[in-house]
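Inside the fold
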Amino acid sequence: MNADWESKRIQKKLSRWEDRYNTIRKDSTFYYEGSSYANADILTEGFFKDLMDTMLFGEFKTSVLTISPTLEKGQMFYGNLSETNFYNDSYNYSAVDKLTMNKHGVDHNSLNLKYVIHDAPIEASLDPGNMCSMPVAQLHPDNKLRVFKTFFTLSPEFLPELGEKFRDFFKFHKDKTVHLWHDRAANAYKDVGDDQASKIKRAIEEDDEGNSTGWSCTLMSRGQGNITHQQEYELMLAMCLGTHGLPILMIDKNECKELKSSMEKTKLIIKEDKHGNKVIHKNKQSEKLPLE
């Protein structure tokens, strides 16, 4: 009798978790990574030797060894970026265990992130375009600048949707202050009130119906001069190490995958200025890829 009751209890619990699992995996993609070495006993050693002899080693690593391509340190624009600049202990599991389920999945918000200081302002940056990206961060007392979330939209979504994503994620944040640094191009059309910086400010401070959200967004890049690639390069060399009194950069591996990928794959290029001096630039070809 007890065994029968226990079996029914387990079946009921299993059914409940299957429903939750099916809800959370809706609209998600199953990704499986396999290796040619799974069939090594059939393909034999000669097969792999022939491939190594005929393929470039970088192509061999990617296609056969399933090793993601990486840039050499000297090719990287963010040359001092390393694993020490990323952290993996992102979550406050006491909050995660209390997550509720709805038709859209789980209610993931800032309370679930371990390093968010809820009674302190948020720093954010904006890079608008076909892909709008907005990483958010806070400077901690230990002089670590923790970037703990990256929001983004792809066309046809734009700044209103980006602002909504930010507001929804930080709906429980106590200090509703945002210091926003934005790309210089976001200032274009400022005189007629149609600049992108003003649009993201409104998208944070107002909801879709124009009602105040309680947030205050200060645009920090108004009136600032241009920051050259050379200056950014030198700044980031220091921030990746935390030298010269600057905070060390720490990026959440789980919540900032787009930022991590972008920084790791950004190439350095050398150009000559009008005076014939060699100047460091950032290769931005990846920003011109087709939307898909």
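Presented here is a report on the structure given in the accompanying data block.

Definitions and cut-offs
- Residues numbered from 1 in each chain as written.
- Predicted model: local features only at pLDDT ≥ 70, side-chain atom pairs only at ≥ 80, totals over all residues.
- Heavy atoms only, no water.
- Patch = residues over 30% accessible without salt bridge, like charges linked within 9 Å, V, L, I, M, F, W, Y side chains within 5 Å.
- Areas by Shrake-Rupley, 256 points an atom, 1.4 Å probe, with all protein chains shown as cover.
- Salt bridge = Lys/Arg side-chain N within 4 Å of Asp/Glu carboxyl O.
- Lys, Arg positive; Asp, Glu negative; His and termini not counted.
- Charge placed at Lys NZ, Arg CZ, Asp CG, Glu CD.
- Helix = DSSP H or I, 4+ residues; strand = E, 2+ residues; numbered from the N terminus.
- Pairing = 2+ DSSP bridges.
- Contact = heavy atoms within 4.5 Å.
- Axes fitted to C-alpha atoms, helices over the stretch in contact; angles between N-to-C directions.
- Buried < 20%, exposed > 50% of the residue type's maximum accessible area, 1.4 Å probe, protein only.

Quick word on a positive patch on the surface
A cluster of basic residues, Lys12, Lys13, Arg16 and Arg20, forms a positive patch at the surface. Counting through the fold element by element, Arg20 comes out in helix 1 (residues 2-24).

Re the sheet that holds strand 1 (residues 86-87)
Taken together, the seven strands give an open sheet; going across it, the order is 1-9-6-5-4-7-8, and neighbouring strands pair in mixed fashion. Because the sheet does not close on itself, it has two edges, and the strands there are strand 1 and strand 8 (216-219). As judged from the two bridges shared by strand 1 and strand 9 (residues 248-252), these two strands associate in the parallel manner. For Phe86, the partnering residue across the bridge sits in strand 9 and is Ile251. Each of strand 4 (122-126), strand 5 (131-139), strand 6 (144-154) and strand 7 (177-182) touches helix 5 (residues 159-169); the most contacted strand, strand 6, lies at about 135° to it.

Brief notes about the pairing of strand 5
Where burial is concerned, most of strand 5 is hidden: seven out of the nine residues are buried. Bridge analysis of strand 4 against strand 5 gives two bridges, and the strand direction is antiparallel. Each bridged residue has a counterpart across the sheet, and for Glu123 the counterpart in strand 5 is Ala137. Here strand 4 folds back onto strand 5 in antiparallel fashion, the turn holding four residues, of which Gly129 has a positive phi close to 155°. Summarising the sheet, strand 5 and strand 6 pair through nine bridges and their orientation is antiparallel. Bridge pairing links Met131 to Leu154 in strand 6. Adjacent in sequence and paired antiparallel, strand 5 and strand 6 are bridged by four residues, among which Asn143 carries a positive phi angle near 65°.

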